[in-house]
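Descriptive structure summary
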Amino acid sequence: MTWTGSSRRTTAVLAVVVAALLVSSYAMGRTLGLDQLGHNPTRAAGDSGGVQHADQPEAGSAGPATRDHSASPPDAGQDGATRNAAGDGLFGAHATTGTRRIALTFDDGPDPQFTPQVLTVLRRFEVRATFCLVGENAQKHPDLVRAIVADGHTLCNHSWNHNISLGNRSPKDIRADLLRTNAAIRAAVPGAPIMWYRQPGGVWTYPLVSVAHELGMTSLHWSVDPSDWQAPGADRIASMVMSRIRPGAVVLLHDGGGNRQGTVNALDRILPDLAARFELTALPTEAK
Ligand SMILES: [Zn+2]
């Protein structure tokens, strides 16, 4: 590139082009980098030895002491070579919305104490989100499933009992788990679309994505994880989300599985700013 015509205008145009290239390559790097593609295929999905899960563990399983959330967004180290073109994450799971909109997702509910609070905050700011329901919780709290749908939020299957190792089971077992979960949800809200599946812990395997797809569900990962399941407090949850948010983000939050008061309070704090800067959307209930 030569700089013979060094008018301010040319310089400015070039600067804009360079900046755009940098931003797009950064965004691409983020999208791919978030999923830590193919760096350590020996770390089998679902192997609890040293694998970090951003999603919260099953009750009684390995706790926070085994987890390191200090660096890049944690995820299980599956082999990215097997990902396909369906989504931008592992095995084709979607880690971003594919548009400039951002999506808030709430996992591990419904929960009688915190789901109603989350719904209240979302209603106050007229935000629609996506709830990844655990089957046995949906069975216990059908009224909350109905409240979620009544407020215009969309649904995601999060397995029957938050089984982080589900991906290591046979396709038949996976299918039974996902169907049982959908049945519990549909018992509360007959006919409600359940287009998404999120594997607990983000421990994706090909059979999980494949079976979910067979059952009409798109696999859903995330791109922003404030580790709210560790209950680090509203301040930290809020600052983590706001520092990592960018167009297209899928934000992983929790309305169940523990004390989620910090998440509720953080939402109350960040939603005005988020809603001013981005269009917040529930993930769609039909394929684009
Ligand atoms: Zn979960």
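The text that follows walks through the structure, step by step, so that each part is easy to find. A quick note: this is a predicted structure, and the numbers were derived from the prediction, not measured.

**Some remarks on the overall build of the protein**
When helices and strands are tallied, the protein shows eight helices and six strands. In the protein, the succession of helices and strands from N to C terminus is α-β-α-β-α-α-β-α-β-α-β-α-β-α. Within the protein, the fraction of its 288 residues that count as buried is 50%. A fraction of 75% describes how many contacts in the protein between residues 6 or more apart in sequence connect residues 24 or more apart.

**With respect to the pattern of salt bridges**
Evaluated as defined, the whole model comprises eight salt bridges. For Arg 198, the salt bridge goes to Asp 107, with nearest N and O atoms at 2.7 Å. Here Arg 198, found in the loop between strand 4 (194-197) and helix 6 (206-214), pairs with Asp 107, found in strand 1 (residues 103-109); they are 91 residues apart in sequence, far enough to count as distant. Look at Arg 198 and you get buried, because its relative accessible area is 0%. According to the relative accessible area criterion, Asp 107 is buried, its value standing at 0%. Salt-bridge contacts for Arg 169 lead to Asp 173; the nearest nitrogen and oxygen are separated by 3.2 Å. Since its relative accessible area comes to 42%, Arg 169 is described here as partly exposed.

**Observations concerning the sheet that holds strand 6 (residues 250-254)**
Pairing is parallel in the open sheet, where six strands are placed in the order 5-4-3-2-1-6. With partners counted over all chains shown, the strands left at the sheet margins are strand 5 (218-219) and strand 6, one partner each. Bridge count between strand 4 and strand 5: two bridges; the pairing is parallel. Opposite Trp 196, over in strand 5, you have Thr 218 as the bridge partner.

**Some details on the packing of aromatic side chains**
For the structure on display, the rule yields two aromatic pairs. Relative to Phe 131, the ring of Phe 106 lies with its centre 5.2 Å away and its plane at 25°, an arrangement referred to as stacked. Residue Phe 106 is located in strand 1, and its partner Phe 131 is located in strand 2 (residues 130-133); the two are separated by 25 residues in the primary sequence. Both residues of the pair, Phe 106 and Phe 131, count as buried. Both rings, one in Tyr 197 and one in Trp 204, keep their centres 5.9 Å apart while their planes meet at 85°; by these two values the pair is edge-to-face. When sorted by exposure, Tyr 197 lands in the same class as Trp 204, which is buried. Across the ring face of Trp 160, the terminal group of Arg 180 is positioned such that the distance to the ring centre comes to 3.8 Å.

**Observations regarding the environment of Pro 112**
Turning to its location among the elements, Pro 112 is positioned in the loop between strand 1 and helix 2 (115-124). Sequence spacing of Pro 112 and Asn 137 is 25 residues, and the spatial spacing of their C-alpha atoms is 9.4 Å. Discounting chain neighbours no more than four positions away, the residues touching Pro 112 are His 141 and Leu 144.

**Quick word on the pairing of strand 1**
The element strand 1 is largely enclosed, with a buried count of seven among its seven residues. The pairing of strand 1 with strand 6 spans five bridges and is classified as parallel. The residue bridging Asp 107 from the neighbouring strand is His 254, located in strand 6. Of the strand pairs in this sheet, strand 1 and strand 2 are connected by four bridges, and their pairing is parallel. By the bridge assignment for strand 2, Asp 107 is matched with Cys 132. Between the parallel pair strand 1 and strand 2, the chain is carried across by helix 2, and the sense of this crossover is right-handed.

**Quick look at the pairing of strand 2**
Burial of the side chains of strand 2 extends over both faces: Thr 130 and Cys 132 are buried on one face and Phe 131 and Leu 133 on the other. Bridge count between strand 2 and strand 3 (residues 154-157): four bridges; the pairing is parallel. Looking at strand 3, one finds that Cys 132 is bridged to Cys 156.

**Points about helix 7 (residues 234-244)**
Taken residue by residue, helix 7 has Ala 234, Ile 237, Ala 238, Met 240, Val 241, Met 242 and Arg 244 as its buried positions. Elements that come into contact with the buried residues of helix 7 comprise strand 6 and helix 8 (261-277).

The rules behind each value
- Residues numbered from 1 in each chain as written.
- Predicted model: local features only at pLDDT ≥ 70, side-chain atom pairs only at ≥ 80, totals over all residues.
- Heavy atoms only, no water.
- Helix = DSSP H or I, 4+ residues; strand = E, 2+ residues; numbered from the N terminus.
- Buried < 20%, exposed > 50% of the residue type's maximum accessible area, 1.4 Å probe, protein only.
- Contact = heavy atoms within 4.5 Å.
- Salt bridge = Lys/Arg side-chain N within 4 Å of Asp/Glu carboxyl O.
- Pairing = 2+ DSSP bridges.
- Phe/Tyr/Trp six-rings, centres within 6.5 Å; stacked < 30°, edge-to-face > 60°.
- Lys NZ or Arg CZ within 6 Å of the ring centre and 35° of its normal.
- Right-handed = clockwise from strand over helix to strand, strands pointing away.

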